[in-house]
Every structure is written in C-alpha cells, then in structure tokens.
Amino acid sequence: MSTVTTRPSAASSGPVPHIPQRISPLVTVQNGLQLTWRSVLKIKANPEEVFGLMLQPVMFVTLFVFVFGQAMMGDWQTYRDFLMPGIIAQSVIFATMGTGFSLSQDVEKGIFDRFRSLPIARSAPLIGAILGDLVRYAITVVMVLLVGLAIGFRPEGGVVGVLSAAALILLFAFALCWMSAFVGMLARTPMAVQSFAMILLFPLTFGSSAFVAPDDMPGWLAPIAANNPVTHVVDAMRALMIGGDVAAPVTWTLVWSVIITAIFFPLAVWAYRRRT
C-alpha cells in the first residue's frame, strides 16, 4: 500500500504578512521612530553601557585637566575652561563608534533577518538604530557637563549657550552616525568596525582645536587642524559656551554636517541593503 504525500497549499500554511511593494516616506519615518524605541530600551537593558558613558567623561576630564592643564596653559583652571567644549565633542564623537559596532552585532545575530519578515520599511531598522543612539550621545553630553561643573566650570553663555552647543554637537554626531553605520555594514566583524572607526576618528579629534589651538601646532599641521570639521564644531561650542565669534564656526559646522550626511547617508543605506 503506497502513501501519497501532498504538499500543503499556500492557503493552508497560515497567514502570510502582507508587505507592500512601496512604502511611503511618512510610513518609513513612523517605522523608524518605532524602532528608535527599541534602541532606547537596549540602553536600559544594558546598565553597564550607561556606566561606561558615565565613567569615560570622568576619566577624560580628570586626565586632561589635571595632568596636562598646568603644562598647557600655566594653570589647570584656564585649561579647564578651554578644554570642556573639546572634551564634550570628543566624548560624543567617540561614542558614534557604537553605532557601527551595534549594527554589526545585530547583523551577526540575525536580527535584521527578522526585520525583513515584517511589513515595515527596509531602512527603518537603520534609522531607528541611529536615532536611538542620539539618546546615548545626549547622556554623554550631560555627564561631561556635570563633571565640568563639579570642578568649577561655569559657562558664560548660560543655559541658552549650553543647550545650543549641545544641539550642535548632537547634529554633528548624527551626521557622523551615517559614516559609522557605513563602516559597520562594510566590516565583517564588530571588532573590525571598532578598529576602522578608531583609525578614522582619532585623527579627526586629536588633530583639531579640541585640546590645543591650531596656532600652537607645527606649521604643517596648523592649516590641517584649522580646516578640520571637528575644529569648527569645537570652536562653535566654545563660542556658544564661553564667548567668541559664533557665526563662522556655527555656519561651517552646519555645512560639514550636511556634507557628511549627504555623502554617507546613501552609502550607509546602500551597504545596509547589500548586507542584509
């Protein structure tokens, strides 16, 4: 007696989620905001990450202000006021490495394969991850400011100047996130992402006005540092927080943010679709 095996029809195999062929930009934004909340919850679920965001500013401020302050400007109080905007910028810029690292981890774990089975915009997980990381950067800004206030930093720009400076560095960090995401999608492992990101970000931060004025640098390095996008960000934050020319550095910061986003946003989306 032979048995005949019949394959279940599509109708009997259970409901299949309907994924529209084209998703409007508005729905894409909505999907991205929904997944932003997922990224925020990941921070809550990893308290050691928050601890790292708190410990790093304490370490950087302590090392640079109290170790190098006397040698750099004669007294650590003067160097503290000069340094604080640079430390905030450096801490946030270094934190953008986490975007590419986290995306690479999600790819390795197959998280994006699950997202592809959902009726959501293809780019929504990428948008959600980057918007969620802005919360981490905001925490970093607050922690650096608290450490600075604890050691006597008093920004002359007041609350408006501090908030404006914070908004400016978060905007610049948002642009750098797309570069980090692009690296995260190209590199094969999370450790490779970290290595490539350090190679890119170290020259940007230490070759800027964050720690030393470009005029005090060697002749060949000074013009490079003066035109470094991080220099424009730090100078703008310094002007907003402690006084100085605001218009030029703020304008350059906005220009650089647009340029970096325009270059790396499409590259990051292309690499994301190619990888996932």
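All of these numbers come straight from a predicted model, not from anything done at the bench. (Residues numbered from 1 in each chain as written. Predicted model: local features only at pLDDT ≥ 70, side-chain atom pairs only at ≥ 80, totals over all residues. Heavy atoms only, no water.)

A. Just the overall build of the protein chain, in detail. A count of helical and extended segments in the protein chain gives 11 helices and zero strands. Each principal axis of the C-alpha atoms in the protein chain carries an extent, and together these give about 100 × 35 × 35 Å. For the protein chain, restricting intrachain contacts to residue pairs at least 6 apart in sequence, the fraction spanning at least 24 positions comes to 81%. When the accessible surface of the protein chain is totalled, it reaches about 14400 Å², and 68% of it is carbon and sulfur. Side chains of the protein chain give 17 positive and 13 negative charges; the mean places of these two sets differ by 20 Å. (Helix = DSSP H or I, 4+ residues; strand = E, 2+ residues; numbered from the N terminus. Contact = heavy atoms within 4.5 Å. Areas by Shrake-Rupley, 256 points an atom, 1.4 Å probe, with all protein chains shown as cover. Lys, Arg positive; Asp, Glu negative; His and termini not counted. Charge placed at Lys NZ, Arg CZ, Asp CG, Glu CD.)

B. The arrangement of the nonpolar core in detail. Ranked by size, the top nonpolar core spans 68 residues in total, and within it V61, I87, L126, I169 and F172 carry the most contacts. In terms of residue count, helix α7 (residues 158-186) provides more of this core than any other element does, 15 residues in total. For F172, the residues in contact, after removing those within four places along its chain, are I93, P229, V230, V233, W256, S257 and I260. (Core = buried A, V, L, I, M, F, W, Y, C linked by side-chain atoms within 4.5 Å. Buried < 20%, exposed > 50% of the residue type's maximum accessible area, 1.4 Å probe, protein only.)

C. Region of interest: the pattern of salt bridges. Scanning the entire structure with this criterion turns up three salt bridges. Residue D133 pairs with R136 through a salt bridge whose shortest N-O separation is 3.4 Å. Taken as a pair, D133 and R136 lie in helix α6 (residues 124-150) at a separation of three residues, close to a single helical turn. R136 shares its class with D133; the two are buried. (Salt bridge = Lys/Arg side-chain N within 4 Å of Asp/Glu carboxyl O.)

D. Local environment of the packing of aromatic side chains. Within this structure, the stated rule accounts for 13 aromatic pairs. Ring geometry for F64 against F211: centres 4.7 Å apart, planes inclined by 15°, an arrangement best described as stacked. Residue F64 is located in helix α2 (residues 47-73), and its partner F211 is located in the loop between α8 (190-206) and α9 (222-226); the two are separated by 147 residues in the primary sequence. The residues F64 and F211 share a single accessibility class, namely buried. Between R238 and the ring centre of F82, over which it is positioned, the NZ or CZ distance is 3.8 Å. (Phe/Tyr/Trp six-rings, centres within 6.5 Å; stacked < 30°, edge-to-face > 60°. Lys NZ or Arg CZ within 6 Å of the ring centre and 35° of its normal.)

E. Quick look at the confidence of the model for the protein chain. Of the residues in the protein chain, 91% have a pLDDT of 70 or more, and the chain-wide mean is 83. Least confident of the elements in the protein chain is helix α5 (residues 111-116), whose mean pLDDT is 74; most confident is helix α10 (residues 229-242), at 95. Of the regions scoring below 50 in pLDDT, residues 1-20 engages in six contacts with residues more than four places distant in sequence or in other chains. (pLDDT = per-residue confidence, 0-100.)

F. Quick peek at the packing of α7 against helix α11 (residues 247-275). Relative orientation of the contacting elements α7 and α11 amounts to 25°, with a least axis distance of 7 Å. By the angle between their directions, the pair α7 and α11 is classed as roughly parallel. The interaxial crossing formed by α7 with α11 has left-handed handedness. Here the residues of the contact of α7 with α11 are counted per class, giving 22 nonpolar, four polar and two charged. (Axes fitted to C-alpha atoms, helices over the stretch in contact; angles between N-to-C directions. Parallel < 35°, antiparallel > 145°, perpendicular 65-115°, else oblique. Left-handed = near helix turned anticlockwise from the far one by under 90°. Nonpolar A, V, L, I, M, F, W, Y, C, P; charged D, E, K, R; others polar.)

G. Structural detail: the environment of P85. Position of P85 among the secondary structure elements: in helix α3 (residues 76-95). Taking C-alpha positions, P85 is 34 Å from S123, a pair spaced 38 residues apart along the chain. Non-local contacts of P85, meaning those with residues more than four positions away in its chain, are made with V234, M237, R238 and M241.

H. Representation of the side chain of T99. Relative to the elements of secondary structure, T99 occurs in helix α4 (residues 97-109). Here T99 falls in the buried class, since its relative accessible area comes to 1%. Look past the residues within four positions of T99 in its chain and what remains in contact with it is I130, D133, Y137, C177, S180 and A181.

I. Spatial organisation of α10. Spanning 14 residues, α10 covers 20 Å between terminal C-alpha atoms, matching the ideal 20 Å at 1.5 Å per step. Buried residues dominate α10, accounting for 12 of its 14 residues. Looking at α10, one finds that the buried residues are P229, V230, T231, H232, V233, V234, A236, M237, R238, A239, L240 and M241. Packing partners of the buried residues in α10 comprise α3, α6, α7, α8, α9 and α11. Two or three places before V230, at the start of α10, stands the capping residue N228, its side-chain oxygen 2.9 Å from that residue's backbone nitrogen. (Expected span 1.5 Å × (residues − 1). Polar contact = N/O pair within 3.5 Å; in protein donor to acceptor, adjacent residues only side chain to side chain.)

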